[in-house]
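# Structural features, examined
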Amino acid sequence: MSDKSNPYDAPDTGHVWDESLRELTNQPPKWWMLGFHVSWILVLAYGLIYPMWPMVNTHTKGMTGWTSIKEYKEDLQAIEAKRAKYEDQLPGKSAAAILADDELSNYVVRSAKVLFGDNCAACHGTGGQGNPGFPVLADDDWLFGGSIDKIEESIINGRNGMMPAHGNQLSDTEANELADAVAAGNPSSTPLFQQKGCFACHGMEGTGNPMLGAPDLTDSIWRFAAKDQRESIKYTIVHGVNDPQDPQTRPAEMPKFGGTKLNDTDIKKLAVYVHKLGGGQ
Ligand code: HEC
Ligand code: HEC
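Let me begin by describing the structure that accompanies this report. (Residues numbered from 1 in each chain as written. Chains lettered and ligands numbered in written order. Predicted model: local features only at pLDDT ≥ 70, side-chain atom pairs only at ≥ 80, totals over all residues. Heavy atoms only, no water.)

### A few points about the coordination of the iron atom of ligand 2
Taken together, the protein donors to the iron atom of ligand 2 comprise H124 (NE2) and M254 (SD), at separations of 2.0 to 2.1 Å. For the iron atom of ligand 2, the six donor atoms are set out with angles of 86 to 179° between them, so the coordination reads as octahedral. With H124 in helix α5 (residues 121–124) and M254 in the loop between α10 (229–239) and α11 (264–278), this residue pair connects regions lying 130 residues apart in the sequence. Residue classification places H124 among the buried residues on the basis of a relative accessible area of 9%. (Donors = N, O, S within 2.8 Å, 3.2 Å for Na, K, Ca; no water. Tetrahedral: all angles 85-135°; square planar, octahedral: opposite > 155°, others 65-115°. Helix = DSSP H or I, 4+ residues; strand = E, 2+ residues; numbered from the N terminus. Buried < 20%, exposed > 50% of the residue type's maximum accessible area, 1.4 Å probe, protein only.)

As structure tokens, then:
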């Protein structure tokens, strides 16, 4: 290998290693050069159109004046303009009137979902499916009434259903007899139901009274649902609900959202939302 000439016949740098290795100065391939030129032209063009080059206290603005915050604000304006069409109508309408308007109530149901999640779901569950001790809102069974007005009233003023503890007026046998009759769905089958005054709130047949929040005891839908429903019923009879005299009473407090907590429009939205969940009458 003593021949030091360049076997490729291409220009080289004149450096030689290991007697025959030469460093050639070939041009890079055409496709590579083309890619290179296209890239820098694109970079320059981008810099002309969009904000790009940093300067001392600012940056170049680009010919279009585009900024991401401006785009975001424009999008937001477009959404608010769409909402305004509905939102502007809400203050002048009652919850019942909103409910009667299909387009408006569809909008309200969509926009109240977040309100419900923020204010109500902790107790009533995300879909209004209820929690132990907190009533289901997604069925058509109501303590205080499922009309749109009653629902709105529940939200504005809160609710505190009251049932006195009956433990001190009932022997254990009597409490068991009442619990059995209620669990069987036929509370008035025992004379105790009248004698002990249960009918005054729950009605002669035990079908309830929404004025007092006294539930229907014949429909097998339980406000205080439990694995052992018979025991749970007996517990309610003995300790009552919200009875300040009995430390073991069942708590039942629906907080008041009227006044400072939520504004009128939000309350109307929620009333419509809850009504649609439960399909009340
Ligand atoms: C002063 C009215 C009043 C009287 C009297 C009364 N209740 Fe009640 N009762 C209520 C109210 C109100 C509730 C629901 C409380 C709530 O959920 O806020 C209730 C709840 C119950 C429940 C729970 C039902 C469920 O779905 O879990 C049972 C059971 C019950 N009452 C049985 C009786 C029996 C039996 C008597 C008679 C010994 C009686 N009540 C007397 C008002 C009354
Ligand atoms: C701190 C827990 C809690 C929160 C938060 C709460 N609720 Fe309630 N809600 C209750 C309880 C407990 C009752 C049952 C009251 C009773 O039994 O007297 C109730 C009852 C109701 C009722 C009456 C149900 C019926 O059967 O008549 C409606 C309607 C209602 N809530 C809607 C809402 C809405 C809408 C929100 C959100 C703005 C909300 N609640 C937030 C605990 C809560």
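From this point, things continue past the structure.
### Concerning the side chain of E152
Looking at the secondary structure, you find E152 in helix α6 (residues 148–157). For the buried residue E152, which engages in no salt bridge, the nearest side chain bearing the opposite charge is K268, 6.3 Å off. The contact partners of E152, leaving out residues within four places of it in the chain, are A95, I267, K268 and A271. (Lys, Arg positive; Asp, Glu negative; His and termini not counted. Salt bridge = Lys/Arg side-chain N within 4 Å of Asp/Glu carboxyl O. Contact = heavy atoms within 4.5 Å.)

### Considering the site of ligand 1
Surveying the vicinity of ligand 1 reveals 24 residues, the closest of which are M163, C198, C201, H202 and R223. Contact distances for ligand 1 include 2.8 Å between a nitrogen atom and a side-chain N or O atom of H202. Contacts to ligand 1 include F224, whose backbone N or O atom sits 2.9 Å from an oxygen atom. Mapped by element, the contributors of at least two residues to the shell around ligand 1 are α9 (199–202) and α10. A total of three residues in the shell around ligand 1 trace back to one element, the largest contributor, which is α10. (Near = heavy atom within 4 Å. Polar contact = N/O pair within 3.5 Å; in protein donor to acceptor, adjacent residues only side chain to side chain.)

### Let's talk about unusual backbone geometry
Excluding glycine, most residues fall at negative phi; most peptide bonds, likewise, are trans. Of note in the backbone geometry, S220 takes a positive phi value of approximately 60° without being a glycine. What makes S220 exposed here is its relative accessible area of 52%. Phi at N242 is positive, roughly 55°, even though this residue is not glycine.

### Notes on the site of ligand 2
Neighbouring residues of ligand 2: 24 residues in total, closest C120, C123, H124, G161 and M254. Looking at the shell around ligand 2, the elements with two or more residues in it are α5, α6 and α11. Take the shell around ligand 2: its biggest share by element is three residues, from α6.

### Details of the coordination of the iron atom of ligand 1
At this site the iron atom of ligand 1 is bound by M163 (SD) and H202 (NE2), with donor distances of 2.0 Å. Here the iron atom of ligand 1 binds six donor atoms, and the angle range of 87 to 179° at the metal identifies the geometry as octahedral. In this pair, M163 sits in the loop between α6 and α7 (172–183) while H202 sits in helix α9, placing the two residues 39 residues apart along the sequence. You can call M163 buried: its relative accessible area is 17%.

### Some details on the packing of helix α4 (residues 102–119) against α11
Axis separation between α4 and α11 bottoms out at 8 Å; the angle between their running directions is 100°. If you check the angle between α4 and α11, you find them roughly perpendicular. Of the residues in α11, those in contact with S105, N106, V108, V109, S111, A112, K113, L115 and F116 of α4 are D266, K269, L270, V272, Y273, V274, K276 and L277. (Axes fitted to C-alpha atoms, helices over the stretch in contact; angles between N-to-C directions. Parallel < 35°, antiparallel > 145°, perpendicular 65-115°, else oblique.)

Note that all results are geometric; they support no functional claim without further evidence.
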